[in-house]
Amino acid sequence: MNTFDDPFDEVLPTDHRSGYVAVVGRPNTGKSTLINAVLGQKIAIVSPRPQTTRRQQLGILTEADVQIVFVDTPGLHEPRHRLGQHMVRAASDALRDADIILWLLDVSRSPNDEDRSIAERIRRRPGDVPVVLALNKADLLPDRANDDAGEAHRALVAHEQVCLLSALHNQGVADLVARLRGMLPPGPRYFPADQVSEVNLRFIAAEVVREKVILATSQEIPHAVAVEVDEYRERSAKRSYISAILYVERESQKGILVGKGGRMIRDLGRAARLELEGMLEARIYLELRVKVRRNWRKDDEFLRRLGYRIPRRAS
């Protein structure tokens, strides 16, 4: 007999477990790569660049007796503008609200000041939320993937579990999920069984476009670009029209994104369109434009328009 009130009219086993797992760490440790590996499909954009993830996003793993809601957070770092402040706040909120804190560390590198700062944040967490250390990028260790690997990382903070893994190569991921499953409390499903994230198609389209910009550009461009989908129309079950604006902060950045004769913007559009068509299983007509909006990362109202939950300052 099901002991939980299930909003989706599904019969759940009496030992069903569920909960939220906050995936935290400094930028570029592989948080989004790990969540994509856990789910077996891409829901979060990834790149070699730090601070690729800007907004909190859920990855929902549902099996017969468990639902694990992974909270993919922006990398914890020292913010330099309002956008950075929002990113750090989102990650800190996830620490407070989680059932489990999953701290992803780059085991191929020694802990640095950012790691030690995150350890302090975790030590100050409210309540008694258990901590799991995921020592990622084990594939980069020179034949040292053993019990001694990551000894300095293990010493950063008290923890209940530690897993050595490579999210990129899907090694150790199943073991990590099994350990998390055993730590979750009894509970119902919070989302339908077939739902893998809470984001809508506009968000997905904007993130895919931004990923292609990050991968194709260098220096300040990846951090200075925002993408807003201003129109999304499903013209039929198998055909959609998407219009998106790429915002940058300077005319020189606009010139780089447009490219000589418009070549760069065409290449970006082609790459994003092909990925979206694969994800959505539909034909996509994608139109991209580039506009200059100076200092948008410091503009509270614009950040709210993009969907960031920026608190209003007291007057």
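1. Comments concerning the overall build of the protein
For the protein, the count of helices and strands is 10 helices and 9 strands. When each of the 315 residues of the protein is scored for burial, the buried share is 51%. Long-range pairs, those at least 24 residues apart, make up 70% of the contacts in the protein with a sequence separation of at least 6. Element-wise, carbon and sulfur atoms account for 46% of the exposed surface of the protein, whose accessible area totals about 15,400 Å².

2. Concerning the pairing of strand 7 (residues 226-236)
Across 9 bridges, the pairing between strand 7 and strand 8 (residues 239-248) is antiparallel. Bridging across to strand 8, Glu228 finds its partner in Ile245. The antiparallel hairpin formed by strand 7 and strand 8 contains 2 residues in its connecting segment.

3. Quick word on unusual backbone geometry
Positioned with a positive phi, Asn28 is a non-glycine residue whose angle comes to about 70 degrees. Within the secondary structure layout, Asn28 lies in the loop between strand 1 (17-24) and helix 1 (31-39). Look at Asn28 and you get partly exposed, because its relative accessible area is 31%. We note that Glu281 has phi near 55 degrees; this positive angle belongs to a residue other than glycine. Using a relative accessible area of 58% as the deciding quantity, one classes Glu281 as exposed.

4. Notes on the pairing of strand 5 (residues 131-136)
Counting buried residues along strand 5, 6 of its 6 residues qualify, which places the element largely inside the surrounding structure. The parallel pair strand 4 (residues 100-106) and strand 5 is bridged by helix 3 (residues 113-123), and the resulting crossover is right-handed. Here strand 5 runs beside strand 6 (residues 161-164); their pairing, made up of 4 bridges, is parallel. Following the sheet pairing, Leu133 is matched in strand 6 by Val162.

5. A word on the packing of aromatic side chains
For the coordinates displayed, the defined rule picks out 4 aromatic pairs. Seen from their ring centres, Tyr241 and Tyr285 are 5.6 Å apart, and the 15 degrees between their planes marks the pair as stacked. Taken together, the residues Tyr241 in strand 8 and Tyr285 in strand 9 (residues 283-292) connect sequence positions 44 residues apart. Each member of the aromatic cluster is reached from another via a ring pair, and the members are Tyr247, Trp296 and Phe302.

6. Quick look at helix 9 (residues 263-280)
The terminal C-alpha atoms of helix 9, which comprises 18 residues, lie 26 Å apart, in line with the 26 Å expected from a rise of 1.5 Å per residue. Turning to helix 9, its buried residues number three or more, namely Ile265, Leu268, Gly269, Ala272, Glu275, Leu276 and Glu277. Of the surrounding elements, those touching the buried residues of helix 9 are helix 6 (201-216), strand 8, helix 8 (251-258) and strand 9. Of the residues flanking the end of helix 9, it is Glu281, one or two places downstream, whose phi is positive at about 55 degrees.

7. Some details on the sheet that holds strand 2 (residues 57-63)
The mixed open sheet is built from 6 strands, whose spatial order is 2-3-1-4-5-6. Of all the strands in the sheet, the pair left with one neighbour each is strand 2 and strand 6. Taken over all neighbouring pairs, the strand axes of this sheet differ in orientation by 20 degrees on average, direction set aside. Relative to strand 3 (residues 66-72), strand 2 runs antiparallel, the two being bridged by 7 bridges. Its bridge partner being in strand 3, Thr62 is matched across the sheet by Gln67. Strand contacts of helix 1: strand 1, strand 2, strand 3 and strand 4, with the helix running at about 160 degrees to strand 3, the strand carrying the most contacts. The strands that helix 3 touches are strand 4 and strand 5; relative to strand 4, the one it contacts most, it runs at about 170 degrees.

8. Concerning the environment of Ile265
Along the chain, Ile265 turns up in helix 9. For Ile265 and Leu288, which are 23 residues apart along the polypeptide, the C-alpha to C-alpha distance reads 7.2 Å. Once residues lying within four places of it in the same chain are set aside, the contact partners of Ile265 are Leu246, Leu257, Val258, Leu288 and Val290.

9. Observations regarding the sheet that holds strand 7
One open sheet accounts for 3 strands, arranged 7-8-9; its pairing is mixed. Each having just a single partner strand, strand 7 and strand 9 make up the two edges of the open sheet. Neighbour to neighbour, the strand axes of the sheet diverge by 15 degrees on average, direction disregarded. Of the pairings in the sheet, the one linking strand 8 to strand 9 comprises 10 bridges and is parallel in character. Each residue of the ladder has a partner; that of Leu246, found in strand 9, is Val290. Against the sheet, helix 6 makes contact with strand 7, strand 8 and strand 9, and its axis sits at roughly 125 degrees relative to strand 7, the strand it touches most. In the packing of helix 9 onto the sheet, contacts are made with strand 7, strand 8 and strand 9, and the angle to strand 9 comes to roughly 140 degrees.

10. Some points on the pattern of salt bridges
If you walk through the whole model with that rule in mind, you get 24 salt bridges. Between Glu120 and Arg124 there is a salt bridge; the shortest N-O distance is 3.7 Å. Note on Arg124: relative accessible area 56%, which makes it exposed. Of the charged contacts in the structure, one is a salt bridge between Glu275 and Lys212, with a shortest N-O distance of 2.5 Å. A residue pair is termed long-range when its members are at least 10 positions apart, and Glu275 in helix 9 and Lys212 in helix 6 qualify at 63 residues. As far as the burial class goes, Glu275 and Lys212 line up, both buried. Put simply, Lys42, Glu211, Lys212 and Glu275 are held in one network by salt bridges that share partners.

How each quantity is defined
Residues numbered from 1 in each chain as written. Predicted model: local features only at pLDDT ≥ 70, side-chain atom pairs only at ≥ 80, totals over all residues. Heavy atoms only, no water. Helix = DSSP H or I, 4+ residues; strand = E, 2+ residues; numbered from the N terminus. Buried < 20%, exposed > 50% of the residue type's maximum accessible area, 1.4 Å probe, protein only. Contact = heavy atoms within 4.5 Å. Areas by Shrake-Rupley, 256 points an atom, 1.4 Å probe, with all protein chains shown as cover. Pairing = 2+ DSSP bridges. Right-handed = clockwise from strand over helix to strand, strands pointing away. Phe/Tyr/Trp six-rings, centres within 6.5 Å; stacked < 30°, edge-to-face > 60°. Expected span 1.5 Å × (residues − 1). Axes fitted to C-alpha atoms, helices over the stretch in contact; angles between N-to-C directions. Salt bridge = Lys/Arg side-chain N within 4 Å of Asp/Glu carboxyl O.

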